[in-house]
Each structure stands twice: as C-alpha cells, then as structure tokens.
Amino acid sequence: METEAATVAALLQERQIDAACVASAFNGEFLPRAQYESQRLEAGCRLEVLSPMQGG
C-alpha cells in the first residue's frame, strides 16, 4: 500500500487502527509497541498488523 505516513504509529493512525489493540511485525520481526513512534517506514518494507481473535 502507498502512504504518506513516516512511522508505524502514523500509519496506524492514518488507517484508524488502535495501536493498543494490535501486535505488529516489521520486516518479519516482532515490533514492540514502544517502537511504533520511532520505527520509520521505507519503500518496500513489510508491516504485518494482527488483532487478537477469540473463539474456537
């Protein structure tokens, strides 16, 4: 996807995703929530955003 967001936090906000309710991986590595503000996005990077699921 294309975005003008410079950081993971800005992208989540742009997409109206509550950062407190998701876990993220940046280029295949777990990204602690404390790093969302400082993790810069770059062309070709891979960001996975996962939300918890319940049920069986």
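Up top is the structure.
Because the structure is predicted, anything quoted here is derived from the model rather than measured.

Rules used throughout
- Residues numbered from 1 in each chain as written.
- Predicted model: local features only at pLDDT ≥ 70, side-chain atom pairs only at ≥ 80, totals over all residues.
- Heavy atoms only, no water.
- Core = buried A, V, L, I, M, F, W, Y, C linked by side-chain atoms within 4.5 Å.
- Buried < 20%, exposed > 50% of the residue type's maximum accessible area, 1.4 Å probe, protein only.
- Helix = DSSP H or I, 4+ residues; strand = E, 2+ residues; numbered from the N terminus.
- Contact = heavy atoms within 4.5 Å.
- Salt bridge = Lys/Arg side-chain N within 4 Å of Asp/Glu carboxyl O.
- Pairing = 2+ DSSP bridges.

Enquirer: Can you walk me through the nonpolar core in this structure?
Expert: Across soluble globular proteins, you tend to see nonpolar side chains buried next to one another. Judged by nonpolar contacts, Ala5, Val8, Ala9, Leu11, Leu12, Val22, Phe26, Leu31, Tyr36 and Leu41 together constitute the single largest core of 10 residues. No other element matches the 4 residues that helix α1 (residues 8–14) contributes to this core. Ignoring any residue separated from it by four or fewer positions in sequence, one finds Leu31 in contact with Val8, Ser24, Ala25, Phe26, Tyr36 and Gln39.

Enquirer: Would you mind going over the pattern of salt bridges with me for this structure?
Expert: Side-chain pairs of opposite charge can arise whenever the charged atoms involved come near each other. Using the criterion set out here, one finds 1 salt bridge in the structure. Between Arg15 and Glu14 there is a salt bridge, with its nearest N and O atoms 3.6 Å apart.

Enquirer: How should I be thinking about the pairing of strand β1 (residues 23–26) in this particular structure?
Expert: Each regular strand displays side chains that alternate between the two surfaces of the sheet. With 4 bridges joining them, β1 and strand β3 (residues 47–50) adopt antiparallel strand pairing. In the strand pairing of β3, Ser24 is matched with Val49. Bridge count between β1 and strand β2 (residues 29–31): 3 bridges; the pairing is antiparallel. Residue pairing for β2: Ser24 is matched across the bridge by Leu31.

Enquirer: Is there a simple way to explain the environment of Cys21 in this structure?
Expert: Checked against the element boundaries, Cys21 lands in the loop between α1 and β1. Taking relative accessible area as the criterion, Cys21 reaches 44% and is therefore assigned partly exposed. Remark: the alpha-carbon pair of Cys21 and Ser51, spanning 30 residues in sequence, is separated by 6.4 Å. In this structure Cys21 touches Leu50, Ser51 and Pro52, once residues within four positions along its chain are discounted.

Keep in mind these numbers describe shape, not what the thing actually does.
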